[in-house]
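Descriptive structure summary
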Amino acid sequence: MKVPQPEVSQDDDAALLESYAQGDPAAARLLAQRLTPRLYAHAFRVLGDGAEAEDVSQEALMRLWRIAPRWRAGEAKVTTWLYRVVANLCTDRLRKRKTTPLEDVAEPVDPAPSAPARLQQVARERALQAALDQLPVRQRQAVVLRHIDGLANPQIAAILGIGVEAVESLTARGKRALSAQLSGKREALGYEDE
């Protein structure tokens, strides 16, 4: 018979990490199940590549497990620390990439059914990702953390290692750049009636 697990609040991440450090593998599984989807989603938005996002998410968790015995509760949230690690890993990967002109990149094959709504959604997602890819790395990270991951400016500042005012500036400039890049595509993306 399966015993129901009590709900764990976001504030219990540090407690789970401490339990793992004391030898409880179930705590590590629970923490990984809770955090991996968010880490992967953020890495995917910044990198635009699922395999790389998965690698970054796994590397971030491996680093968390390594520092678990030395974790000092109360100094930082586990999620803030992890987002910062993911941001740094993404930055490292982006710096190592060779720049390929957009016209040289083959259009990916869409395996999804050809339903008009799905095609339109795919076009919107691609347009957003292409626009995000054109932003400078720090602007891209700030915009993704704020407007896609829904984090507050102080948490973003802690993740990126900058001040709140710098976060506000990065997100404002990033939004303006995205708006400029996408403004001529409203009709093609099906926004003329919305």
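A brief structural summary. (Residues numbered from 1 in each chain as written. Predicted model: local features only at pLDDT ≥ 70, side-chain atom pairs only at ≥ 80, totals over all residues. Heavy atoms only, no water.)

Moving on to helix 7 (residues 153–160). Taking burial as the measure, the 8 residues of helix 7 include 6 buried ones, the bulk of the element. Here the buried face of helix 7 lies against helix 4 (78–96), helix 6 (137–148) and helix 8 (164–182). Positive backbone phi, approximately 70°, marks Gly161, located one or two places after helix 7. (Buried < 20%, exposed > 50% of the residue type's maximum accessible area, 1.4 Å probe, protein only. Helix = DSSP H or I, 4+ residues; strand = E, 2+ residues; numbered from the N terminus. Contact = heavy atoms within 4.5 Å.)

Our next topic: the packing of aromatic side chains. Taken as a whole, this structure holds 3 aromatic pairs when the rule is applied. Where Tyr40 meets Phe44, the ring centres are 6.2 Å apart and the plane angle is 20°; that geometry is what we call stacked. In this pair, Tyr40 and Phe44 are both assigned in helix 2 (residues 25–47), 4 residues apart and thus about one turn of the helix distant. By relative accessible area, Phe44 is classed as partly exposed at 32%. Centre to centre, the rings of Trp71 and Trp81 are 6.1 Å apart; their planes meet at 90°, and the pair counts as edge-to-face. Pair noted here: Trp71 is in the loop between helix 3 (50–67) and helix 4 and Trp81 is in helix 4, with a separation of 10 residues, a long-range link. A relative accessible area of 17% places Trp71 in the buried class. For Trp81, a relative accessible area of 24% corresponds to the partly exposed category. (Phe/Tyr/Trp six-rings, centres within 6.5 Å; stacked < 30°, edge-to-face > 60°.)

Grouped together as the largest cluster of nonpolar side chains are 33 residues, with contacts concentrated most on Leu17, Leu64, Trp65 and Leu82. Every element with two or more residues in this core is listed here: helix 1 (13–21), helix 2, helix 3, helix 4, helix 5 (116–134) and helix 6. In contact with Leu17, other than residues within four places in its own chain, are Leu31, Leu64, Trp65, Ala68, Trp71 and Val78. (Core = buried A, V, L, I, M, F, W, Y, C linked by side-chain atoms within 4.5 Å.)

Attention now moves to the side chain of Ser57. Positionally, Ser57 belongs in helix 3. Take Ser57: its relative accessible area is 2%, and that puts it in the buried class.

Moving on: helix 2. The largest bend in helix 2 comes to about 40°, at Leu35, with the proline Pro37 one to four residues further on. Residues of helix 2 that are buried sit in contact with helix 1, helix 3, helix 4, helix 5 and helix 6. Taking the backbone nitrogen of Ala26 as reference, a side-chain oxygen 3.0 Å away marks Asp24 as the first, capping residue of helix 2. Backbone geometry just downstream of helix 2 places Gly48 in the positive-phi region, at approximately 70°. (Bend = angle between axes of the 7 residues up to and from the residue. Polar contact = N/O pair within 3.5 Å; in protein donor to acceptor, adjacent residues only side chain to side chain.)

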